[in-house]
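Here is how the chains run, residue by residue.
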Amino acid sequence: VQLQAFGGGLVQAGGFLRLSCAASGRPFSSYHMGWFRQAPGKEREFVAAITRSGGSTTNYADSVKDRFTISRDNVKNTLYLQMNSLKPEDTAVYYCAARYGLYSVSSQNVDYQYWGQGTQVTVSS
């Protein structure tokens, strides 16, 4: 599966953005999906994950819980991340990733087999 993330940009603190990740190739519904982010000088970290059906399980990092919402549209082959109440510490390159649906959903980046190219999110104070 090929993944392309977009929707990043520059936003003021307290603002919002919606990231999208378009999938092509193998059936999108075969994969659990996740969002990760990497800030300059830091390791890539988990943001959110969603099961392949989109309905049963979503996981969030504590730092984004109650502010970010992950969702997916298996008809449009698209993953979303709605980000509200953005903070300067949310500044990072955001990546979408796919994990084979035969396994359980995961928050570990090493468990994901496919990655998008990343989209930059910058939150100014």
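Residues numbered from 1 in each chain as written. Predicted model: local features only at pLDDT ≥ 70, side-chain atom pairs only at ≥ 80, totals over all residues. Heavy atoms only, no water.

(A) Quick look at the packing of aromatic side chains. Tallied over the full model, the rule gives eight aromatic pairs. Relative to phenylalanine 46, the ring of phenylalanine 36 lies with its centre 5.7 Å away and its plane at 70°, an arrangement referred to as edge-to-face. Residue phenylalanine 36 is located in strand E4 (residues 31-38), and its partner phenylalanine 46 is located in strand E5 (residues 45-50); the two are separated by ten residues in the primary sequence. Phenylalanine 46 sits in the buried class, given a relative accessible area of 15%. Measuring from ring centre to ring centre gives 5.1 Å for phenylalanine 36 and tyrosine 112, while their planes differ by 75°; the resulting arrangement is edge-to-face. Here phenylalanine 36, found in strand E4, pairs with tyrosine 112, found in the loop between strand E9 (92-100) and strand E10 (114-115); they are 76 residues apart in sequence, far enough to count as distant. Given a relative accessible area of 1%, phenylalanine 36 falls into the buried group. Lying over the aromatic face of tyrosine 95, arginine 44 brings its terminal NZ or CZ to 3.9 Å of the ring centre. Above the face of the phenylalanine 28 ring, arginine 72 is positioned so that its terminal group lies 4.3 Å from the ring centre. (Phe/Tyr/Trp six-rings, centres within 6.5 Å; stacked < 30°, edge-to-face > 60°. Helix = DSSP H or I, 4+ residues; strand = E, 2+ residues; numbered from the N terminus. Buried < 20%, exposed > 50% of the residue type's maximum accessible area, 1.4 Å probe, protein only. Lys NZ or Arg CZ within 6 Å of the ring centre and 35° of its normal.)

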